[in-house]
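Chain by chain, the residues run as shown.
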Amino acid sequence: MKHRGLFLLQLGFTLLVSAFLIVPVILSILAGLTVNYFVGLESGLTLRWVIEVWTGYRETIFLSIGLSLACLAVTLVLGVPTAYVLAKRQTALTRAIEELLVMPVAVPGLATALALIVTYGSVSGFRTSWAFILVGHVLFTLPFMVRSVLAVLSAIDLQTLEEGAASLGAGFWSRFRDIVLPNCRAGILAGSLMVVTLSMGEFNMTWLLHTPFTKTLPVGLADAYASLRLEIGSAYTLVFFLMIMPLLLGLQAFAKPRPVKFVAEETE
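Position numbers for residues start from 1 in each chain and track the written sequence from start to end. At least 70 in pLDDT is required for a residue's local features to be given in this predicted model, at least 80 for side-chain atom pairs to be given and counted, and no such filter applies to totals for whole chains, interfaces and linings, which use all residues. Hydrogens and water are ignored here; the side-chain numbers use all heavy atoms of the structure.

Caption draft 1: Geometry of the packing of aromatic side chains. Planes of paired rings set the category: under 30 degrees apart is stacked, over 60 is edge-to-face and the rest tilted, where pairs are Phe, Tyr or Trp rings (Trp by its six-membered ring) whose centres lie within 6.5 Å. Scanning all chains against the criterion turns up 5 aromatic pairs. Between the aromatic rings of Y120 and F126, the centroid separation amounts to 6.3 Å while the plane-to-plane angle is 85 degrees, which identifies the pairing as edge-to-face. Taken together, the ring pairs in this structure connect Y120, F126 and F132 into an aromatic cluster.

Caption draft 2: Summary view of the nonpolar core. Residues V53, V149, L153, V180, C184, L209 and Y236 are the most contacted members of the largest nonpolar core, which totals 51 residues. Each helix corresponds to a stretch of at least 4 residues labelled H or I by DSSP, and each strand to a stretch of at least 2 residues labelled E; elements are numbered beginning at the N terminus. The set of elements that each furnish at least two residues to this core consists of α2 (48-88), α5 (109-120), α6 (130-154), α8 (172-183), α9 (185-201), α10 (204-209), α11 (217-227) and α12 (230-254). At 15 residues, the largest contribution of residues to this core is made by α2. Nonpolar cores are built from buried Ala, Val, Leu, Ile, Met, Phe, Trp, Tyr and Cys residues. Side-chain atoms within 4.5 Å join them into one set. Burial classes follow relative accessibility: with a 1.4 Å probe on protein chains only, a residue under 20% of its type's maximum area counts as buried, one over 50% as exposed, and anything between as partly exposed.

Caption draft 3: Region of interest: the pattern of salt bridges. We define a salt bridge as a side-chain nitrogen of Lys or Arg found within 4 Å of a carboxyl oxygen belonging to Asp or Glu. If you walk through the whole model with that rule in mind, you get 1 salt bridge. For E52, the salt bridge is made with R48, and the minimal N-O distance between the two is 3.2 Å. Residue E52 and its partner R48 are located together in helix α2, separated by 4 residues, close to a single helical turn. A relative accessible area of 47% places R48 in the partly exposed class.

Caption draft 4: View of helix α7 (residues 158-167). Among all positions in α7, only L158, E162 and A165 are buried. Looking straight down α7, one finds that the buried residues subtend no more than 60 degrees of arc, so they occupy a single side. For α7, exposure combined with an orientation more than 90 degrees from the buried face picks out Q159 and S167. Lining the buried residues of α7 we find α2, α6 and α8. At the C-terminal side of α7, G169 shows a positive phi close to 100 degrees. As used here, the arc is the angular range of directions from the helix axis to the C-beta atoms. In this analysis, two residues are considered to be in contact whenever any of their non-hydrogen atoms come within 4.5 Å of each other.

Structure follows, in structure tokens:
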């Protein structure tokens, strides 16, 4: 009876916290579907505001999706090998590099954006391209990918696994592909989810880096709330939610565990 009471108390607290977090999102979504938010649901439901957002801001949606996927690709190419090197060599230098990687997260996004503008703003064509925003997003999200993969690699006996594979004749690339990557799949998934969500929703840095031709979804959302009807801003939030959820579900489906086949290379 005592354990049942404790369970009910924990369940009630969990539901209360969940409601505290979820209810504002639901109300914001409903505001984007009502004819008049200030009247409430009595005014009726409509897709008018969603259609207006799609008509006027679809470029920002596609740009944000493209940026988040490009950011994911770059952080995978840079972050996974970096985490592997940091896990293999635990020295004072690698620990210092690991701490330096976290600096873009600790520094305010506006300061990082200003540093990028001062350094690369004069490069012809680069300042006004989406690649300029991509650089900022990679700087901000790369530590999350590295830390996620590094945590998984540090929890396994990587050296023994690689030595066993090497004794069977596996070369470096074979060991990395068939041993390292499958064992850090969970870290790659966790890092990928964080990179995509952070890149998709990043505002502070993007607000300073963007131009009228490279406006991302969060910047457009801020403009909608500041200069248009509340219903349009709320509909923008609904569109943002509908765009990011399938992307996250797709990443999770892609990262489902698969059987790993190891084929040893023939030794001479």
